[in-house]
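# Structure at a glance
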Number of protein chains: 2
Amino acid sequence: MDYEAVISSFNDALSSGKTIVLGFKGKVVYSGRAESVLQDGDRLAIIKSDRTLLIHQPSGSNPVNYMKEGSEHHLKKDEHNLVLSSRNLPLKEFMDIYIKAVYFLHAAPLLDSQKLQLAGTERDMALMLMQNPGLIEQGFTPLSNEEHTKYGFIDVFGYDRSQNLVVVECKRQQADLSAVTQLRRYVEKIKKMKGLARVRGVLAAPKISPNALAMLTDWGFEFRAVSPPNYFERHSQGQKSLEDF
Amino acid sequence: MDYEAVISSFNDALSSGKTIVLGFKGKVVYSGRAESVLQDGDRLAIIKSDRTLLIHQPSGSNPVNYMKEGSEHHLKKDEHNLVLSSRNLPLKEFMDIYIKAVYFLHAAPLLDSQKLQLAGTERDMALMLMQNPGLIEQGFTPLSNEEHTKYGFIDVFGYDRSQNLVVVECKRQQADLSAVTQLRRYVEKIKKMKGLARVRGVLAAPKISPNALAMLTDWGFEFRAVSPPNYFERHSQGQKSLEDF
DNA sequence: GGGGAGAGATGCCGC
DNA sequence: GCGGCATTTCTCCCC
């Protein structure tokens, strides 16, 4: 591929805010929050309209290297090869890509103002428990959302039927040791703030790891098997599908 | 763009394990671990040789939607549009992309056997402290790696000059509340395993948040300002650069 | 802008 | 495969 033509197309695309996709063979060197070298291989470079740079290998879901939004990119010829230099001065991050071959270069002015609508998060799970407190236990009475925030980042917070305070920590997937220590931290915070000797801690998650369960029971806390709400599962039998949104 | 030609190119690329890049306008619907809808917009779809699918919007560093390695992908015509259906039956995940326009389609047989060489990780920081125990304090004696692993995932572990056990937790960036609770968990584990009343806990990080510092001192632990080793900074004044590797 | 915490987290290593 | 944990985590929310 003609390097002059590549540089020309690249600069044109960059200045007009197009999204650029480059298939190349080369080496990637990064220096910033850490340091890395990735020896020659075939990769995909993507420069977005916000000047984010992603380097993707032909497998795996994460980029092997990247530069954050607002970075500067310069493509230039260096002896026999192309070099793509990216820098982000405010973040003190630098990347150099030594390009040995260009397989393809494509640029298009992509426009997208949409945001992802997501259901089934931990927040949805907490809302579900506020609306169905019986999923924690009979007689559980959640406090309002206002009061909830007053005590910090506690997912669900309320009283059991004996007027004991209950702190509920939700996890949308299997709860681990850090979920237990997080719950413990919240319970201790409430005890201290309220001057109470007894505050119950409940961990609500679809499942829990054995070690986490051991630590949970050691600390006198409880586990409730609860899964996050799933819009599709709740509505699919009733004719409606996600696609209708 | 001719849809028949697109489908033909796509199927050919997919069956031969090429990496595919598709610039398109359309809607993305996902159902699996959660549920999501993303209304019409211009995006990039990437299918890697391991059949990972990434959907990227024209800004931001993370994919807005994705399907994991090993998913199946089928592109077909549906009335006036194209539909890319992806499914991963073992993971019970599904995605449908309703394509209103194809801006470009490119496929190339990318080959890459290299792994990223990364320096400046938390593990590197722990090794640095093992080799320079004075960074923790004078008289600190780390135990060997074998003994270290015996007690679990503790970063650095040793004795101070008064033969007190010291547990060191490293963070490569600012330490937060969860770093303190993690340290606390390790200290308690060692106390229990060894039957000791006193075990020191040290948090080594470049900095620490105010609340984390408060909790740390509440628990009688200590903070040491230590930054992860940075290969480039250590060698740049001595002529050598990362690029030489 | 910083702190705190979730994420459809992903990826790595160890058992 | 699961468990435990780091990540150049990234992203969002809220102060």
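Everything numeric here is computed off the predicted structure, so don't read it as measured data.

Rules used in this analysis
Residues numbered from 1 in each chain as written. Chains lettered and ligands numbered in written order. Predicted model: local features only at pLDDT ≥ 70, side-chain atom pairs only at ≥ 80, totals over all residues. Heavy atoms only, no water. Pairing = 2+ DSSP bridges. Helix = DSSP H or I, 4+ residues; strand = E, 2+ residues; numbered from the N terminus. Contact = heavy atoms within 4.5 Å. Axes fitted to C-alpha atoms, helices over the stretch in contact; angles between N-to-C directions. Buried < 20%, exposed > 50% of the residue type's maximum accessible area, 1.4 Å probe, protein only. Arc of directions from axis to C-beta. Near = heavy atom within 4 Å. Polar contact = N/O pair within 3.5 Å; in protein donor to acceptor, adjacent residues only side chain to side chain. Nonpolar A, V, L, I, M, F, W, Y, C, P; charged D, E, K, R; others polar.

## Some thoughts on the sheet that holds strand β11 (residues 165-170) of chain B
All names here are of chain B. Strand order across the open sheet formed by five strands is β9-β10-β11-β12-β13, with mixed pairing between neighbours. This sheet does not close on itself; its edge strands, each paired only once, are β9 (141-142) and β13 (222-225). The pairing of strand β10 (residues 156-159) with β11 spans four bridges and is classified as antiparallel. Considered in β11, the bridge of Gly 158 is made with Val 166. Along the sheet face, helix α2 (residues 122-131) touches β9, β10, β11 and β12 (199-205) and points at about 145 degrees away from the line of β11.

## Concerning helix α5 (residues 210-218) of chain A
Of the positions making up α5 of chain A, those classed as buried are Ala 212, Met 215 and Leu 216 of chain A. Buried positions in α5 of chain A, seen along its axis, are confined to an arc of 105 degrees and lie on one side of it. Seen from the open side of α5 of chain A, the exposed residues pointing more than 90 degrees away from its buried face are Pro 210, Asn 211 and Asp 218 of chain A. Residues of α5 of chain A that are buried make contact with α4 (177-194), β12 (199-205) and β13 (222-225) of chain A together with α4 (177-194) of chain B. Phi for Gly 220 of chain A, located one or two positions after α5 of chain A, is positive at around 75 degrees.

## What to know about the protein's contact with DNA strand C
Near DNA strand C there are 27 residues, and of these Arg 172 and Tyr 186 of chain A together with Tyr 66, Ser 209 and Asn 211 of chain B occur at the shortest range. Protein-adjacent atoms of DNA strand C, using a 4 Å cutoff, are sugar or phosphate at a proportion of 84%. A distance of 2.9 Å separates a phosphate oxygen of DNA strand C from a polar atom in the backbone of Ser 61 of chain A. A distance of 2.4 Å separates a phosphate oxygen of DNA strand C from a polar atom in the side chain of Asn 211 of chain B. Residue assignment for the surface near DNA strand C shows that the elements contributing at least two residues are α4 of chain A together with β4 (65-67), β7 (93-108) and α5 (210-218) of chain B. Examining the composition of the surface near DNA strand C, we find that three residues originate from one element, α4 of chain A, more than from any other. Looking at side-chain class alone, the surface near DNA strand C contains nine nonpolar, ten polar and eight charged residues.

## Comments concerning the pairing of strand β3 (residues 53-56) of chain A
Where a strand is regular, its side chains alternate between the two sheet faces. Residues and elements named next belong to chain A. Neither face of β3 is exposed, since Leu 53 and Ile 55 on one face and Leu 54 and His 56 on the opposite face are all buried. When strand β2 (residues 35-47) meets β3, the two strands line up antiparallel, connected through four bridges. Residue pairing across strands places Ile 46 opposite Leu 54, the latter belonging to β3. Following β2, the chain reverses through five residues before pairing antiparallel with β3; Arg 51 in that reversal takes a positive phi of roughly 70 degrees. Alignment of β3 against strand β4 (residues 65-67), held across three bridges, turns out to be antiparallel. In the sheet register, Ile 55 faces β4, and the bridge partner there is Asn 65.

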